Amino acid sequence: MKARIIVTLKTGVLDPQGKAIEAALKSLAIEGIDGVRQGKVFDIEVSATDGAAAEATLRTACEKLLANTVVENYAIEIL
């Protein structure tokens with residue numbers, strides 16, 4: 001079973017990397033970008049055949065390693 005985990009900074013947490021990307025886009029004369037927030041995407045293959053079991057395993061992976069839940073949110077998509 002394939003899954004995608006998207007990790008983003010929580011609202012209100014400063015994102016210096018996002019600001020640097022935004023500034024770089026402006027310096028390249030790319031118009032129409034009002035803001036950038038940087039995040040992470042993990043594409044993972046899970047051996048579970050049951051969606052609920054796969055999601056439980058992935059939630060544990062997020063809580064223990066993939067996301068810093070103090071400053072980051074995560075979303076799990078079963079593909």
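Data block above holds the structure.
Residues numbered from 1 in each chain as written. Predicted model: local features only at pLDDT ≥ 70, side-chain atom pairs only at ≥ 80, totals over all residues. Heavy atoms only, no water.

## Concerning the nonpolar core
Within soluble globular proteins, side chains that are nonpolar generally end up buried alongside one another.
Line of reasoning, step 1. Of all hydrophobic cores here, the largest spans twelve residues; its members are A3, I5, V7, V46, A48, A54, L58, C62, L66, A67, Y74 and I76.
Line of reasoning, step 2. When residues of this core are traced back to their parent elements, those giving at least two are β1 (2-9), α2 (51-66) and β3 (72-78).
Line of reasoning, step 3. In terms of residues, this core owes the most to one element, α2, which gives four residues.
Line of reasoning, step 4. With residues up to four places along the chain from it excluded, the contact list for A48 reads M1, A53 and A54. (Core = buried A, V, L, I, M, F, W, Y, C linked by side-chain atoms within 4.5 Å. Buried < 20%, exposed > 50% of the residue type's maximum accessible area, 1.4 Å probe, protein only. Helix = DSSP H or I, 4+ residues; strand = E, 2+ residues; numbered from the N terminus. Contact = heavy atoms within 4.5 Å.)

## Let's talk about the side chain of D15
Line of reasoning, step 1. Following the sequence through the fold, D15 ends up in the loop between β1 and α1 (16-27).
Line of reasoning, step 2. Buried and unpaired, D15 has R37 as its nearest opposite-charge partner, separated by 4.4 Å.
Line of reasoning, step 3. Polar side-chain contacts of D15 include one of 2.7 Å to the backbone nitrogen of Q38.
Line of reasoning, step 4. Contacts of D15, omitting those with residues within four sequence positions, involve L9, V36, R37 and Q38. (Lys, Arg positive; Asp, Glu negative; His and termini not counted. Salt bridge = Lys/Arg side-chain N within 4 Å of Asp/Glu carboxyl O. Polar contact = N/O pair within 3.5 Å; in protein donor to acceptor, adjacent residues only side chain to side chain.)

## Some thoughts on the sheet that holds β3
Line of reasoning, step 1. Pairing is antiparallel in the open sheet, where three strands are placed in the order β2-β1-β3. In this open sheet, the two edge strands, each paired with only one partner strand, are β2 (39-45) and β3. Averaged over all pairs of adjacent strands, the angle between their axes in this sheet comes to 15°, without regard to strand direction.
Line of reasoning, step 2. Two elements, β1 and β2, share seven bridges in a ladder whose sense is antiparallel. Its bridge partner being in β2, I6 is matched across the sheet by V41.
Line of reasoning, step 3. Strands β1, β2 and β3 of the sheet are contacted by α2, whose axis makes an angle of about 155° with β3. (Pairing = 2+ DSSP bridges. Axes fitted to C-alpha atoms, helices over the stretch in contact; angles between N-to-C directions.)

## Focus on the environment of L14
Line of reasoning, step 1. Inspection of the secondary structure assignment puts L14 in the loop between β1 and α1.
Line of reasoning, step 2. Its relative accessible area of 75% is what places L14 among the exposed residues.
Line of reasoning, step 3. Beyond its immediate sequence surroundings of up to four residues, L14 is in contact with L9 and R37.

Note that all results are geometric; they support no functional claim without further evidence.
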